Every structure is written in structure tokens, then in C-alpha cells.
Amino acid sequence: MKIAVVKLSAMGDIIHAMVALQFIKKKYPGAQIDWIVEERFKAILVHNPDINRIHTVQIQALKQQKSWSGLVAEINKLRQTGPYDVVIDAQGLIKSAVVARLLNSKKVAGFDRHSIRESFASWLYHDKIHIAYHENTIDRNVAVCCQPLGVSVSHQQIVEKQPFLFYQSHFQEPDAPYVVFIIGSTWESRCYSKEKFVQVANGLQQICQVAWGNAQEREKAEWMAQQSSYIKVLPKLDLNDLKKVIDRCDLLIGNDTGPTHMAWGLNRPSITLFGPTPVNRIYQTAINKAIKSPSKVDHYALDKNDFSIKLIEPNVIVEMAKQLLIG
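Basis of the calculations
- Residues numbered from 1 in each chain as written.
- Predicted model: local features only at pLDDT ≥ 70, side-chain atom pairs only at ≥ 80, totals over all residues.
- Heavy atoms only, no water.
- Salt bridge = Lys/Arg side-chain N within 4 Å of Asp/Glu carboxyl O.
- Helix = DSSP H or I, 4+ residues; strand = E, 2+ residues; numbered from the N terminus.
- Buried < 20%, exposed > 50% of the residue type's maximum accessible area, 1.4 Å probe, protein only.
- Pairing = 2+ DSSP bridges.
- Phe/Tyr/Trp six-rings, centres within 6.5 Å; stacked < 30°, edge-to-face > 60°.
- Lys NZ or Arg CZ within 6 Å of the ring centre and 35° of its normal.
- Patch = residues over 30% accessible without salt bridge, like charges linked within 9 Å, V, L, I, M, F, W, Y side chains within 5 Å.
- Areas by Shrake-Rupley, 256 points an atom, 1.4 Å probe, with all protein chains shown as cover.
- Axes fitted to C-alpha atoms, helices over the stretch in contact; angles between N-to-C directions.
- Contact = heavy atoms within 4.5 Å.

> Please provide a residue-by-residue account of the pattern of salt bridges, values included.
Oppositely charged side chains are able to pair whenever their charged atoms sit close together. Under the criterion given, the structure shown has 9 salt bridges. The salt bridge partner of E74 is K77, with a shortest N-O separation of 3.1 Å. On the criterion of helical spacing, the pair formed by E74 and K77 is a turn pair, its members being 3 residues apart in helix 5 (residues 68-79). For K77, a relative accessible area of 36% gives the class partly exposed. The salt bridge involving R281 is made with D256; its shortest N-O contact spans 3.4 Å. A residue pair is termed long-range when its members are at least 10 positions apart, and R281 in the loop between strand 11 (270-274) and strand 12 (288-292) and D256 in the loop between strand 10 (251-255) and helix 12 (258-265) qualify at 25 residues. For D256, a relative accessible area of 2% puts it in the buried group.

The following block contains the structure:
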């Protein structure tokens, strides 16, 4: 059986869908699974033994550049992949549905129109999966990837999953023990304050390595290091280096963003901080916890002006972190 999964972005969403691969391979050990993804997220998928080929596209960048000839070239490239027995659009957007239909396939599966925001996308699928949009994000990804293949996955199986992020990195990770702080995100309102991160580090009294992805985050990290002797700033890391650093850490504390979700994919202890986004984006387990601000979240209309994450008290994070570090 030849299967293609279309999950173009973003980092956290890709990670949440990747968990399905091990269950598909368990039922179909001889299956070939290819993944179609935006070029900038390819490194999340590399080295995974359950993925045979990674096909990259640059649709987002080409749209921003208004490079229509480039888009035509991407379309032609997609048409040359396959043939596949099943293509699964795990994203549920019109653009991902179009990508799925462009692949050489007998059947395209995806969410039904009641399960996604861009309901028109469902018209492009042959096999339609129903799972409410407000349900747990990981459950949704597993359902849309597995149900079209007749693979049944229980909640407990997901909790007991095997780590599924892999890396090859020559980066020398910091000396253990250490905690990782993930301080950035796509929206400022999803970011815990730098002042309170400092308070968390001082409360833990343990070395906290700060990861950053751009100049603004680096400036924030360096300011934090000036305020606390427990805070250190990591150098610029690529995604494989970051996987390694997280895989070797004792605990990760971070905003609701892709690098934070790496800890779950690597089976490492974590605390995810939520403000304007729904806490049921993740699985909470014995080692993976969440702290949500007091605001209410509408799954269909996230409020980018909800800065309630800053109301989470550092001592709450510190107490939870200490319990995870002991365990």
C-alpha cells in the first residue's frame, strides 16, 4: 500500500499528526508512507523511519511573492508523485485539499465539512471523516490519518506512544541537568512574559537554557540571562539541533508553539503554557502537563488580543516543575 499524508504546516500541527504513523505501520508494516510538507518544516520529519519520502513544496512563499510561474512548477512537481492508493489531507484547508487532489491517487480522504473551518475543502475528498473541530487536536489528527485506512487507535495507545521525532546532530548539548525554556510563538499574546520566566528560573534554582528563533527572541533571551544567573542562552539551533537539546533535557517549559510540542513527540517532561489558545491541543500525561490562563477560548475565533497568559503565576509553574523534576 502506498499512502501520502498532506500536512503542510505548521510545526506543532505536523508533530501532532506524526504520531499516527506508528499505528499505521503497526497494521501495515509494508506500507510506503510519503509526506507532503512546506520546505521550511521538512526538518521536523527527517530521519523518521516510518516515512519513506518527504516531498516539499513552497506554496506559501510563492504566494507571497506572487510567483505564478513558480506555483505552476510546484503543481507539475506534485503531479509527478505517486501513484498512491490513498492520499490523506490531514490539514483541512482549501490549499491542502487542492494539493491532495493534485497527487496521483485513487482516493483522497479528509475531514467532512462539519469538522473543519474551510468547509469547501471537504468537497474535494472521496472519504470524509467526522470529528468535531473543538475536539482534541491530536485525536483529530489521528482520526483523519488512521480511519480512512481502517486503523483503530485508542486514547491509551496514544498516551503510551513511542517517541517519533528523530535527529542527527553534531551539536554538543549543554551539560546536564538543565531545563529548556521556549519563549517565542507566532503571536505575542501567546508568549509568557520574560520577567516571569526569570522568576520561574529563580524559583527552580536550576540552569535554564533558553531557545530562540529570531533576533527579537534572542534579545529577550539575553535580557533574561542578565537578570538571573540560572538562565543561559543557547546558540542559534537548527531543528535537528533543537530536537537533540530537548531530548536530553530534564524538563521543557514553553508557550503553546511548535518547539514546545517537540517534548511530547520525544517523550520528555514538559509544561505548556496556554493563553488565547485551547488547552485541548495537547495530551496531558504523567510527564506532559499544561497550565491555562483564566480566559475562555472560542475554538472557531481565537482572540489574538487575549494576553491572559501573563496572568499565570510563576509559583504555579515552579511547583508543577519541581514535581516533574522529582518524578
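> Which residues make up the pairing of strand 1 (residues 2-6), and what values do they have?
By the criterion of burial, strand 1 is predominantly enclosed, with 4 of the 5 residues buried. With 5 bridges connecting them, strand 1 and strand 2 (residues 32-38) associate as parallel partners. Across the sheet, V6 pairs through a bridge with I36, a residue of strand 2. Two strands pair when backbone bridges link them, and strand 1 and strand 4 (residues 86-89) are joined in this way by 4 bridges, in the parallel orientation. Note on strand 4: the bridge partner recorded for V5 is I88.

> Explain the side chain of T137 to me, and be specific about the residues and the numbers.
Locating T137 in the fold gives a position in helix 7 (residues 137-146). What makes T137 buried here is its relative accessible area of 18%.

> Before we move on, could you go through the packing of aromatic side chains and cite the residues and values that matter?
Taken as a whole and assessed by the stated rule, the structure comprises 5 aromatic pairs. Relative to Y300, the ring of Y133 has its centre 5.0 Å away and its plane inclined at 35°; by these criteria the two rings are tilted. One end of the pair, Y133, is in the loop between strand 6 (127-129) and helix 7; the other, Y300, is in the loop between strand 12 and helix 13 (314-326), and 167 residues separate them in sequence. What makes Y300 partly exposed here is its relative accessible area of 47%. The interplanar angle of 40° and the centroid separation of 4.9 Å between the aromatic rings of F181 and F197 together place this pair among those described as tilted. Placement of the pair is F181 in strand 7 (residues 179-182) and F197 in helix 9 (residues 194-204), with a sequence separation of 16 residues. Taken individually, F181 and F197 each receive the classification buried, so the pair is uniform in this respect. Positioned above the aromatic ring of Y84, the side-chain terminus of K2 is 5.8 Å from the ring centre. The ring of W223 is capped by K194, whose NZ or CZ atom sits 4.6 Å from the centre of that ring.

> Let's hear about a nonpolar patch on the surface: which residues, and what values?
Nonpolar side chains collect at one region of the surface, where I94, V98, F120 and W123 lie side by side and expose about 420 Å² of accessible area between them. Mapped onto the elements, I94 comes out in helix 6 (residues 94-102).

> An account of the sheet that holds strand 6 is requested, with residue identities and associated values reported.
Sheet architecture is open: 6 strands sit in the order 3-2-1-4-5-6, paired in parallel fashion. The sheet is open, and its two borders are formed by strand 3 (53-57) and strand 6, each paired with just one other strand. Sheet twist, expressed as the average angle between the axes of neighbouring strands with direction ignored, equals 20°. Across the face of the sheet, helix 6 comes into contact with strand 1, strand 2, strand 4 and strand 5 (108-111) while running at roughly 170° to strand 4.

> Explain the environment of V6 residue by residue, including any values.
Within the fold, V6 resides in strand 1. Using a relative accessible area of 0% as the deciding quantity, one classes V6 as buried. Through-space distance from the C-alpha of V6 to that of C145 is 9.7 Å; in sequence the pair is 139 residues apart. Those residues within four positions of V6 in sequence are excluded, and the remaining contacts are I36, V87, I88, D89, A90, Q91, S96, V99, A100 and L103.

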